[in-house]
Number of protein chains: 2
Amino acid sequence: MEVQSVFLTQLVESLQMLPGVGKKSAQRLAYYIMKMPEQEAKKLSQSIENVKTKVKECVVCSNFTENEKCPICMNEKRDKNIICVVQEAKDIGVVERVGEYNGYYHVLKGVISPMEGVGPEELNISSLLSRIKEDEIKEVIVATNPNVEGEATAMYLSKIIKPLGVKVTRIAHGLPVGGDIEYADEVTLSRAMHGRMEI
Amino acid sequence: MEVQSVFLTQLVESLQMLPGVGKKSAQRLAYYIMKMPEQEAKKLSQSIENVKTKVKECVVCSNFTENEKCPICMNEKRDKNIICVVQEAKDIGVVERVGEYNGYYHVLKGVISPMEGVGPEELNISSLLSRIKEDEIKEVIVATNPNVEGEATAMYLSKIIKPLGVKVTRIAHGLPVGGDIEYADEVTLSRAMHGRMEI
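Source: prediction; values computed, not measured.

Draft legend 1. The sheet that holds strand 5 (residues 139–142) of chain B, seen in detail. Residues and elements named next belong to chain B. Strand order in the open sheet made by the four strands is 4-3-5-6, with parallel pairing throughout. Of all the strands in the sheet, the pair left with one neighbour each is strand 4 (104–107) and strand 6 (167–170). On average, each strand axis in the sheet is inclined to that of its neighbour by 25°, with strand direction left out of account. Pairing between strand 3 (residues 82–86) and strand 5: four bridges, direction parallel. Within strand 5, the position partnered with Ile 83 by the bridge is Val 140. Each of strand 3 and strand 4 is contacted by helix 5 (residues 90–98), which is oriented at about 155° to strand 4, the strand it contacts most. Relative to the sheet, helix 6 (residues 126–134) contacts strand 3, strand 4 and strand 5, its axis offset from that of strand 4 by approximately 155°.

Draft legend 2. The arrangement of the relation of the copies chain B and chain A in detail. Rotating chain B by 180° about the axis while translating it 0.0 Å along that axis superimposes it on chain A, leaving an RMSD of 0.1 Å. The transformation just described matches what one would write down for a two-fold rotation axis. Using C-alpha coordinates, one finds that chain B approaches the rotation axis most closely at B:Ser45, a distance of 2.1 Å. The residues that chain B uses at the interface reappear at the interface of chain A in 100% of cases, marking a shared surface.

Draft legend 3. Local environment of the side chain of B:Ser47. Looking at where B:Ser47 falls in the secondary structure, it is placed in helix 3 (residues 38–53). By relative accessible area, B:Ser47 is classed as buried at 2%. Of the polar contacts made by the side chain of B:Ser47, one reaches the backbone oxygen of B:Lys43; its length is 2.6 Å. Apart from residues no more than four positions distant in its own chain, B:Ser47 is found in contact with A:Gln10, A:Leu11 and A:Ser14.

Draft legend 4. Main features of the interface of chain B and chain A. The interface is formed by 55 residues belonging to chain B together with 55 residues belonging to chain A. Summed over both partners, the interface of chain B with chain A comes to about 5400 Å²; 66% of that surface belongs to carbon and sulfur atoms. On inspection of chain B and its partner chain A, the count reaches four salt bridges. We note a salt bridge from A:Glu88 to B:Lys35, for which the minimum N-O separation is 2.9 Å. Taken together, the connections running from chain B to chain A amount to 16 residue pairs in polar contact (both at pLDDT 80 or more). Put simply, the parts of the chain that give the side of chain B that touches chain A at least two residues each are helix 1 (6–16), helix 2 (23–35), helix 3, strand 2 (64–65), helix 4 (71–74) and helix 5 of chain B. Here the residues of the side of chain B that touches chain A sort into 27 nonpolar, 13 polar and 15 charged.

Draft legend 5. Structural context of the packing of helix 3 (residues 38–53) of chain A against helix 1 of chain B. Contact geometry for helix 3 of chain A and helix 1 of chain B: axes closest at 9 Å, N-to-C directions at 145°. Here the hand of the crossing between helix 3 of chain A and helix 1 of chain B comes out left-handed. Counted together, A:Lys43, A:Leu44, A:Ser47, A:Ile48, A:Asn50 and A:Val51 of helix 3 of chain A and B:Phe7, B:Leu8, B:Gln10, B:Leu11, B:Ser14 and B:Leu15 of helix 1 of chain B form the full contact between these two elements.

Draft legend 6. Representation of the pairing of strand 6 of chain B within the structure. Residue and element names in this part refer to chain B. Relative to strand 6, strand 5 runs parallel, the two sharing four bridges. Bridge pairing in strand 6 places Val 140 opposite Val 168. Handedness of the strand 5-helix 7 (residues 148–161)-strand 6 crossover: right-handed.

Draft legend 7. The arrangement of unusual backbone geometry in detail. Here A:Lys109, not a glycine, exhibits a phi torsion of approximately 60°, which is positive. Secondary-structure assignment places A:Lys109 in the loop between strand 4 (104–107) and helix 6 (126–134). Looking at A:Lys109, the relative accessible area reads 40%, which means it is partly exposed. Phi at B:Ser62 is positive, roughly 70°, even though this residue is not glycine. Within the secondary structure, B:Ser62 is located in the loop between strand 1 (56–57) and strand 2.

Draft legend 8. Main features of the UniProt feature "domain: Toprim" (unreviewed entry) in chain A. In the numbering adopted here, UniProt assigns the feature "domain: Toprim" (unreviewed entry) to residues 81–176 of chain A. With 33% helix and 18% strand, residues 81–176 of chain A has its two end C-alpha atoms placed 29 Å apart.

About the cut-offs
- Residues numbered from 1 in each chain as written.
- Chains lettered and ligands numbered in written order.
- Predicted model: local features only at pLDDT ≥ 70, side-chain atom pairs only at ≥ 80, totals over all residues.
- Heavy atoms only, no water.
- Pairing = 2+ DSSP bridges.
- Helix = DSSP H or I, 4+ residues; strand = E, 2+ residues; numbered from the N terminus.
- Axes fitted to C-alpha atoms, helices over the stretch in contact; angles between N-to-C directions.
- Contact = heavy atoms within 4.5 Å.
- Least-squares fit on C-alpha atoms with pLDDT ≥ 70 in both.
- Buried < 20%, exposed > 50% of the residue type's maximum accessible area, 1.4 Å probe, protein only.
- Polar contact = N/O pair within 3.5 Å; in protein donor to acceptor, adjacent residues only side chain to side chain.
- Buried area = accessible area lost by both parts, 1.4 Å probe.
- Salt bridge = Lys/Arg side-chain N within 4 Å of Asp/Glu carboxyl O.
- Nonpolar A, V, L, I, M, F, W, Y, C, P; charged D, E, K, R; others polar.
- Left-handed = near helix turned anticlockwise from the far one by under 90°.
- Right-handed = clockwise from strand over helix to strand, strands pointing away.
- UniProt positions renumbered as here; feature names shortened; annotations may be inferred.

Right, dumping it as structure tokens:
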């Protein structure tokens, strides 16, 4: 039997669907939302509706946007010769925060993963090839994750893009800044050794 | 400059207001919500609106409810002689889950805390006294938190309710079940010793 408002129970259930939110956290969040100022709660619920109803994919790069093209593809001042390929739209924000890359992006919407039945045809690759052929792209930086699937996808992209006369590069592997050699795994350290540069 | 949809940014900002949700988690949650099935996201935003617009306080005990009285106060079958006083409405759910208490509740909406400027007059005490006087209450169980403020509040309630000829009890202090004496703090162990019972 319900001991409290069914609306609270519903909110707890909905919050529990979110990643990393268990029953206890969902309850804590629900009570917090209950006590939030009306306006803030309204903003939160409205934001959720907005992302679901108004946000779509950029027709060029598949970044998230509420317009036809995303703010990056709309920006004429960026370097038209480079495309950085990322796995997911959220990775664009990560690269942008570094503040050093000034080219455009392309979202693959996944990586090749035979284990999960994802082949190249499931990915957003054909539009990448069209962009490479139509625009004056000179370099494609593959910024997929540094794991098996990410590497395999990078290799695959390299194999099909290089024949188009475009340079394909991969973000470097090595020790994370602030890390400790003692705790580095062998594969990373091996990559860091191979990728060594003169100083 | 925005690199993605402003709606996503707004959602991240709203999620960051929640307790225990930092920037990274807010982003992760926002992207998860983006990819949620439309219906689930709708349910989440609707639930948030519902708790803010439809949930109010029970006129009797201040539990959360969408009706005039909460489901517990509406239940005629419970023990009319006992009231369990809790700090917050969410504590009702905690006591109910134990499944052994069958009386009614009263939500104080806080505890006496001179440090935070909360005195007895800020709490939901006068309606508790009315209930005690009007109904046939024989016992008031004080289930405030086992900390300084909770204890002080329990003492205060005892002082003003006892003169009305009503028994005031406090939930027991002691070692948590499954705990280890080795890790018990002195105060808890001292309380556990004082509260010992013949077996």
